[in-house]
Amino acid sequence: ETGVTQTPRHLVMGMTNKKSLKCEQHLGHNAMYWYKQSAKKPLELMFVYSLEERVENNSVPSRFSPECPNSSHLFLHLHTLQPEDSALYLCASSQDFLRGQYNEQFFGPGTRLTVL
Amino acid sequence: KNEVEQSPQNLTAQEGEFITINCSYSVGISALHWLQQHPGGGIVSLFMLSSGKKKHGRLIATINIQEKHSSLHITASHPRDSAVYICAVVGNEKLTFGTGTRLTIIP
């Protein structure tokens, strides 16, 4: 495997379910990101981890819970989601995190989430 | 109102044409990114710039800090350039994205 991988690629869940999205990077990077992309809306940065510590949390509802157990893996735990949370969830990584610049990021293919 | 505005929203052109996509922003920034998103969702980072101009192959990105404006140019466009092009700015240490320009190149 190379680059940034995400699983699953597609997920359908009910509002009472608990599920997790997984991201893995094989680039030796130190920073990882979660993004949300809703239809007809700009990309939204959700969370940033640098060296396994959360450094950005952009007013994301608590029903989204990130976890970064090591610099290669990033999870997004989902529980009691709403239909408006249906979107494409993208993971990215970068060599380092520079708050004033946001270094070049390498993106995964995304997980298409549908909440019924 | 989004802090980052892109124009046009949609652009269709013939193969070989010179393409310009524009990005305007309303805040002081420390960096600007251009990204390419292909059908299916995959995103590729094209450029990061804070001044002047950068070139990579047939792609050229320019930025005018005083006018708060950046352009992405594609020379000798090809159908494989068909994608959504997204501008993102870093202002007050916050990353904000435009809604993207959907480019279609017809053979």
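Whatever comes next refers back to the structure up there.
What you are looking at is a predicted structure, and each value in this text was computed from that prediction instead of being measured.

Conventions we followed
- Residues numbered from 1 in each chain as written.
- Chains lettered and ligands numbered in written order.
- Predicted model: local features only at pLDDT ≥ 70, side-chain atom pairs only at ≥ 80, totals over all residues.
- Heavy atoms only, no water.
- 1 Å grid on protein atoms, 1.4 Å probe; cavity = no way out; pocket = protein on both sides within 12 Å on 5 of 7 lines; lining within 4 Å.
- Points joined across faces, edges and corners; volume = space filled by probe spheres on them.
- Disulfide = S-S within 2.5 Å.
- Helix = DSSP H or I, 4+ residues; strand = E, 2+ residues; numbered from the N terminus.
- Buried < 20%, exposed > 50% of the residue type's maximum accessible area, 1.4 Å probe, protein only.
- Phe/Tyr/Trp six-rings, centres within 6.5 Å; stacked < 30°, edge-to-face > 60°.

Caption draft 1: View of empty space enclosed by the protein. Under the definition given, this model contains one cavity of 30 Å³ or more. A volume near 60 Å³ is recorded for the largest cavity. Along the walls of the largest cavity sit Tyr35, Tyr102, Asn103, Gln105 and Phe107 of chain A together with His33, Leu35, Ser45, Leu95 and Phe97 of chain B, which together make up its complete lining.

Caption draft 2: Region of the structure containing the state of the cysteines. Tallying each qualifying case throughout the model produces two disulfides over all chains. Paired through a disulfide, cysteine 23 of chain A and cysteine 91 of chain A show a sulfur-sulfur distance of 1.9 Å. Its S-S torsion of about -75° marks the bond between cysteine 23 of chain A and cysteine 91 of chain A as left-handed, since a negative value means left-handed. Taken together, the residues cysteine 23 of chain A in strand β3 (residues 18–25) and cysteine 91 of chain A in strand β9 (residues 87–94) connect sequence positions 68 residues apart. Taken as a pair, cysteine 23 of chain A and cysteine 91 of chain A share a single burial class, namely buried. Paired through a disulfide, cysteine 23 of chain B and cysteine 87 of chain B show a sulfur-sulfur distance of 2.0 Å. Classification of the bridge connecting cysteine 23 of chain B and cysteine 87 of chain B rests on its S-S torsion, roughly -60°, and on that basis the disulfide is left-handed. Of the two residues, cysteine 23 of chain B sits in strand β3 (residues 19–25) while cysteine 87 of chain B sits in strand β9 (residues 83–91), which places them 64 residues apart along the sequence. Look at cysteine 23 of chain B and you get buried, because its relative accessible area is 0%. Among the residues examined, cysteine 87 of chain B registers a relative accessible area of 0% and is labelled buried. Free of any disulfide, cysteine 68 of chain A has its nearest neighbouring cysteine sulfur in cysteine 91 of chain A, separated by 9.1 Å.

Caption draft 3: Geometry of the packing of aromatic side chains. Considering all chains together, one arrives at six aromatic pairs over all chains under this definition. Taking the centre distance of 5.6 Å and the plane angle of 90° together, the rings of tyrosine 35 of chain A and phenylalanine 97 of chain B count as edge-to-face. In this pair, tyrosine 35 of chain A is assigned in strand β4 (residues 31–37) and phenylalanine 97 of chain B in strand β10 (residues 94–97), connecting two distinct chains. In this structure phenylalanine 97 of chain B comes out as buried when scored by relative accessible area, which is 3%. Ring centres of phenylalanine 97 of chain A and tyrosine 102 of chain A lie 5.3 Å apart, and the angle between their planes is 85°; on these two criteria the pair is classed as edge-to-face. By the burial criterion, phenylalanine 97 of chain A is buried, and tyrosine 102 of chain A matches it. One aromatic cluster is present, built from ring pairs that chain together Tyr33, Tyr35, Phe97, Tyr102 and Phe107 of chain A together with Phe97 of chain B.

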